[in-house]
Amino acid sequence: MSDTETAETVLKTAAKWRRTGEAVALATVIETWGSSPRPAGSRLAVTESGKMAGSVSGGCIESAVAEAALATLQSGQPALLAFGVTDEMAWEVGLACGGKVHVLVEPLS
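For clarity, every value in this text was computed on a predicted model and none was experimentally measured. Within each chain, residues carry numbers counting from 1 in the order of the written sequence. Per-residue local features of the predicted model are confined to residues with pLDDT of at least 70, and side-chain atom pairs are confined, for both listing and counting, to 80 or more; whole-chain, interface and lining totals are unaffected and use all residues. Only hydrogens and water are set aside; all other atoms, that is, all heavy atoms of the structure, feed into the side-chain values.

### What to know about the overall build of the chain
Item 1. Note on conventions: DSSP H or I runs of at least 4 residues are helices, E runs of at least 2 residues are strands, and numbering of each starts at the N terminus. Looking only at helices and strands, the chain has three helices and five strands in total.
Item 2. Sequence-ordered secondary structure for the chain, helices as α and strands as β, is α-β-β-β-α-β-α-β.
Item 3. With a 1.4 Å probe rolled over the protein chains alone, any residue whose accessible area is under 20% of its type maximum counts as buried; one over 50% counts as exposed, and the rest are partly exposed. Expressed as a percentage of its 109 residues, the buried residues of the chain come to 34%.
Item 4. Any pair of residues with heavy atoms lying within 4.5 Å of one another is described as a contacting pair. Within the chain, residue pairs in contact and separated by at least 24 positions form 53% of the contacts whose partners lie at least 6 positions apart.
Item 5. In the structure as shown, the chain presents an accessible area of about 6300 Å², 56% of it carried by carbon and sulfur atoms. The Shrake-Rupley method, run with a 1.4 Å probe sphere, supplies the accessible areas, and residue values consider only the shown protein chains as cover.

This is the structure in structure tokens:
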């Protein structure tokens, strides 16, 4: 499955959840640099009840984005999140290089 198909599937799932009355936040990778598990355009939908579809990264970044999505649903305000790993930190955990990822989280209306 291509990244575009995955993003489209996430949007369809989010729209379905909205139609059933669920509050939904959508997180989108808007920029990457260096090592990043998911490319720009990758999406994660999160409902107020905790359902999730898609992926923006994995691991601790994914859980931080899910928490930010829930906060966005509470506040109604979008958030721009920035995550990064230096080359030195990456080397220590066995990665070839560091990287950065910027994620926009916004409530769907």
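On we go from here.
### Digging into the nonpolar core
Item 1. Ranked by internal contacts, the top residues of the largest apolar core, which has 17 residues, are Ala27, Val65, Leu81, Val103 and Val105.
Item 2. When residues in this core are grouped by element, the largest group, six residues, is from helix α2 (residues 59-75).
Item 3. Counting seven residues, the second largest nonpolar core, distinct from the first, contains Val10, Trp17, Leu26 and Ala53. Nonpolar cores are built from buried Ala, Val, Leu, Ile, Met, Phe, Trp, Tyr and Cys residues. Side-chain atoms within 4.5 Å join them into one set.

### Section: the environment of arginine 43
Item 1. For arginine 43, the location among the structural elements is in strand β2 (residues 43-47).
Item 2. Residue arginine 43 is classed as partly exposed on the basis of its relative accessible area, which comes to 23%.
Item 3. Look past the residues within four positions of arginine 43 in its chain and what remains in contact with it is Ala7, Val10, Leu11, Leu26, Ala27, Thr28, Ala53, Gly54, Ser55 and Val56.
Item 4. Within the structure, the side chain of arginine 43 is placed 3.2 Å from the side chain of threonine 28, a separation counted as a polar contact. Definition of a polar contact: a pair of N or O atoms within 3.5 Å, with one able to donate and the other able to accept a hydrogen when the atoms are protein atoms, and with sequence-neighbouring residues admitted only if both atoms are side-chain atoms.

### Thoughts on the pairing of strand β1 (residues 24-34)
Item 1. Here, any two strands with at least 2 DSSP bridges between them count as paired. Where β1 lies against β2, five bridges are found, and the strand directions are antiparallel. Counterpart to leucine 26 in the pairing with β2 is alanine 45.
Item 2. Note: β1 against strand β5 (residues 99-107), nine bridges, orientation antiparallel. Among the inter-strand pairings, glycine 34 is bridged to a residue of β5, identified as glycine 99.

### Digging into the pattern of salt bridges
Item 1. Salt bridge criterion: a side-chain nitrogen from Lys or Arg within 4 Å of a carboxyl oxygen from Asp or Glu. Evaluated as defined, the whole model comprises one salt bridge.
Item 2. We note a salt bridge from glutamate 22 to lysine 51, for which the minimum N-O separation is 3.0 Å. Within this pair, whereas glutamate 22 is found in the loop between α1 (3-19) and β1, its partner lysine 51 is found in the loop between β2 and β3 (52-54), the two being separated by 29 residues in sequence.

### Examining the side chain of glutamate 22
Item 1. The class of glutamate 22 is buried, set by a relative accessible area of 15%.
Item 2. Look past the residues within four positions of glutamate 22 in its chain and what remains in contact with it is Trp17, Thr47, Glu48, Ser49 and Lys51.

### Structural notes on α2
Residue pairs three or four apart in sequence face the same way in an α-helix, which turns once every 3.6 residues.
Item 1. Any helix carries an expected span of 1.5 Å times its number of residues minus one. For α2, which comprises 17 residues, the first-to-last C-alpha distance of 25 Å matches the rise-based estimate of 24 Å (1.5 Å per residue) to within 8%.
Item 2. Looking at the buried positions of α2, the neighbouring elements they touch are β1, β2, β3, β4 (79-85) and β5.
Item 3. Among the residues trailing α2, glycine 76 stands out with phi positive, at a value near 80 degrees.

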